[in-house]
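# Inside the fold
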Amino acid sequence: MATIVSEQTDQASRPANRHTFRVSPSAISYLQATPLIAILGFFFLLPIAMIAVVSFWDYDFAGLYPAFLTMNYTDTLGSWVTWKTYLNTLKFTAIVWALTLVIGFWVAYFLAFHIRKTSTQMILFLVCTVPFMTSNIIRMISWIPVLGRNGLVNSALIKMGIVPQPIEWLLYSDFAVVLAMVHLYTLFMVTPIFNTLMRIDRSLFEAARDAGASGWQVLWNVVIPLAKPGMAIGTIFVVTLVMADFSTVQVMSGGQSASVALMMKNQMSLLQYPAAAANAVVLLAVVLMMVAAILRVVDIRKEL
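### Points about the overall build of the chain
The helix and strand inventory of the chain stands at 14 helices and two strands. For 304 residues, the compact-globule formula gives about 19 Å, and the C-alpha radius of gyration of the chain, at 29 Å, lies well above that figure. Judged by the C-alpha coordinates and their principal axes, the chain covers about 120 × 70 × 35 Å. Looking at the 304 residues of the chain, the share that counts as buried comes to 35%. Of all intrachain contacts in the chain linking residues separated by at least 6 positions in sequence, the fraction that spans at least 24 positions is 71%.

### Re the confidence of the model for the chain
For the chain, the mean per-residue pLDDT works out to 85, and 92% of the residues sit at or above 70. Helix H1 (residues 2-17) is the least confidently modelled element of the chain, averaging 50 in pLDDT, while helix H4 (residues 80-114) averages 92, the highest of any element.

### Some details on the nonpolar core
Residues Phe105, Phe113, Met181, Ile193, Leu197 and Val223 are the most contacted members of the largest nonpolar core, which totals 46 residues. For this core, the elements supplying multiple residues, two or more each, are H4, helix H9 (174-198), helix H10 (203-210), helix H11 (215-243) and helix H12 (247-252). When residues no more than four places from it in sequence are discounted, the contact partners of Val223 are Phe105, Tyr109, Phe113, Leu197, Ile200, Phe205 and Val218. In this structure, Ala232, Ile233, Ile236 and Val286 belong to the second largest nonpolar core, which totals 20 residues.

### Re a nonpolar patch on the surface
Taken together, the side chains of Leu36, Leu40, Phe44, Leu45, Ile48, Leu284 and Leu288 define a hydrophobic patch exposed on the protein surface, amounting to about 650 Å² of accessible area. The set of elements that each furnish at least two residues to the nonpolar patch consists of helix H2 (25-54) and helix H14 (273-297). Per element, the largest residue contribution to the nonpolar patch is five residues, and it comes from H2. In this fold, Phe44 is placed in helix H2.

### Brief notes about the pattern of salt bridges
Evaluated as defined, the whole model comprises three salt bridges. Where Asp174 meets Lys91, a salt bridge forms, and the shortest distance between an N and an O atom there is 2.9 Å. Placement of the pair is Asp174 in helix H9 and Lys91 in helix H4, with a sequence separation of 83 residues. Exposure remark for Asp174: the relative accessible area of 31% places this residue in the partly exposed category. Among the salt bridges present, the one from Glu206 reaches Arg209, with a minimum N-O distance of 3.8 Å. On the criterion of helical spacing, the pair formed by Glu206 and Arg209 is a turn pair, its members being three residues apart in helix H10. Overall, the relative accessible area of 46% leaves Glu206 in the partly exposed class.

### Re the packing of helix H13 (residues 260-269) against H14
Helix packing for two helices is described by the angle between their axes and how far apart those axes are. Taken N-terminus to C-terminus, the directions of H13 and H14 make an angle of 160°; their axes are 8 Å apart at the nearest point. Accordingly, the angle class assigned to the pair H13 and H14 is roughly antiparallel. Crossing handedness for the pair H13 and H14: left-handed. Facing H13, whose interface residues are Val260, Met263, Met264, Gln267 and Met268, H14 presents Tyr273, Ala275, Ala276, Asn279, Ala280 and Leu283. When grouped by side-chain class, the residues that make up the contact of H13 with H14 number nine nonpolar, two polar and no charged.

### Observations concerning the packing of H11 against H14
At a closest axis distance of 10 Å, the pairing of H11 and H14 adopts a crossing angle of 165°. Taken as axis vectors, H11 and H14 run roughly antiparallel relative to one another. Like other packed secondary-structure pairs, H11 and H14 cross with a definite hand, here right-handed. Seen from H11, the contacting residues are Ala232, Thr235, Ile236, Val239, Thr240 and Met243; seen from H14, they are Leu283, Val286, Val287, Met290, Val291, Ile294 and Leu295. When the residues that make up the contact of H11 with H14 are grouped by side-chain class, the tally is eleven nonpolar, two polar and no charged.

### Here's the deal with the packing of aromatic side chains
What the rule picks out here adds up to eleven aromatic pairs. Between Phe56 and Tyr73 the ring centres are 5.2 Å apart and the planes differ by 45°, which places this aromatic pair in the tilted class. Residue Phe56 is located in the loop between H2 and strand E1 (58-59), and its partner Tyr73 is located in helix H3 (residues 71-77); the two are separated by 17 residues in the primary sequence. We classify Phe56 as partly exposed; its relative accessible area is 21%. Judged by centre distance (6.5 Å) and plane angle (70°), the rings of Phe188 and Phe237 are edge-to-face. Here the residue Phe188 occupies a position in helix H9, and Phe237 occupies one in helix H11, the gap between them amounting to 49 residues. You can call Phe237 partly exposed: its relative accessible area is 39%. One aromatic cluster is present, built from ring pairs that chain together Phe105, Trp106, Tyr109, Phe113 and Phe205. The side chain of Lys91 reaches across the aromatic face of Phe92, ending 5.2 Å from its centre.

The rules behind these values
Position labels on residues start from 1 in each chain and follow its written sequence. Given that the model is predicted, a residue must reach a pLDDT of at least 70 before its local features are reported, and side-chain atom pairs must reach 80 or more before they are shown or counted; all residues, however, enter totals for whole chains, interfaces and linings. To get the side-chain values, take all heavy atoms of the structure and skip hydrogens and water. Helical segments are the DSSP runs of H or I of at least four residues, strand segments are the runs of E of at least two, and each set is numbered from the N terminus. Atoms considered for the radius of gyration are the C-alpha atoms alone. The globule rule reads 2.2 Å times the number of residues to the power 0.38. Residue exposure (1.4 Å probe, protein chains only): buried if accessible area is under 20% of the type maximum, exposed if over 50%, otherwise partly exposed. We call two residues in contact whenever any of their non-hydrogen atoms come within 4.5 Å of each other. Per-residue confidence from the predictor is given as pLDDT, running between 0 and 100. Residues belong to a common nonpolar core when they are buried Ala, Val, Leu, Ile, Met, Phe, Trp, Tyr or Cys residues joined through side-chain atoms within 4.5 Å. Without a salt bridge and with relative accessible area above 30%, a residue can belong to a patch; like charges are then joined within 9 Å and nonpolar side chains (Val, Leu, Ile, Met, Phe, Trp, Tyr) within 5 Å. Working definition of accessibility: Shrake-Rupley area with a 1.4 Å probe, residue cover restricted to the visible protein chains. Whenever a carboxyl oxygen of Asp or Glu lies within 4 Å of a side-chain nitrogen of Lys or Arg, that contact is scored as a salt bridge. For helices, the axis comes from a line fit to the C-alpha atoms of the stretch in contact; other axes are also lines fit to C-alpha atoms, and the angle between any two N-to-C directions lies between 0 and 180 degrees. For classification purposes, an angle smaller than 35 degrees is called roughly parallel, one larger than 145 roughly antiparallel, one from 65 to 115 roughly perpendicular, and anything else oblique. A crossing counts as left-handed when the near helix is turned anticlockwise from the far one by less than a right angle, and as right-handed when that turn is clockwise. Charged means Asp, Glu, Lys or Arg here, nonpolar means Ala, Val, Leu, Ile, Met, Phe, Trp, Tyr, Cys or Pro, and polar covers whatever is left, Gly included. Any Phe, Tyr or Trp ring, taking Trp's six-membered ring, that has another such ring centre within 6.5 Å forms a pair; planes under 30 degrees apart are called stacked, those over 60 apart edge-to-face, and the others tilted. Charge over a ring is defined by NZ of Lys or CZ of Arg lying within 6 Å of the ring centre and within 35 degrees of the ring normal.

So, in structure tokens, the structure goes:
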């Protein structure tokens, strides 16, 4: 009897002496995000920090010298060549953005609302992605035999009697640069807009038609406002890609045009790494301001 009483006493005393370690939900969330933070910090934030540090260094033809100089920024921002190059890059960005937005919206609209079968939608969407299975350089070079002096377009125009001689500005010009960029980056506008349009409740269209709205009124007052988050995401993709593009400008302009990324590439080829780093920091600041302006206009949290 005494043994039973002592066992019951020990069992009753154990919970009082037990120490439990509890982690708050917020701490658990931070622990779960730690691997992602470590990866982003090492592969994203650390390289940007290194570029920012190198942008203040000194350099000459022999090497780099750690220092804290603002010379690279004053040379970059104080040169009219830099400002002209930025204006040229912004011109490409505005034209390519406008064209990709129009083309991307109508392609996405057709896939979302005029193709009834989901399987057909996916097949057509995959057809749009087929060119992206090859390199950007290959797709750019493929325009040369089409737009060249003796290319398909000029040969067809001459044979049809539309022009007496080949059109020179079709290739190695700003027109060729814009055309190649639109070809390369339209899909980055189609995908988010298509994803947004597929989420629109079709009953809204019926309600608008019952209220007497025409097709264009439904498009302007229902479809476009609900598609703005997808347009904003596509705009961010296209703007950042065009601002950082140098290969398209170099190949399709034949070296006759310039962009900020191409200027940085030329500086790195001349071993002017601090000057290129300063240009990269300025370009990053400009792109971030553009993205911030887009996010101020359109709330994309609905798509995330």
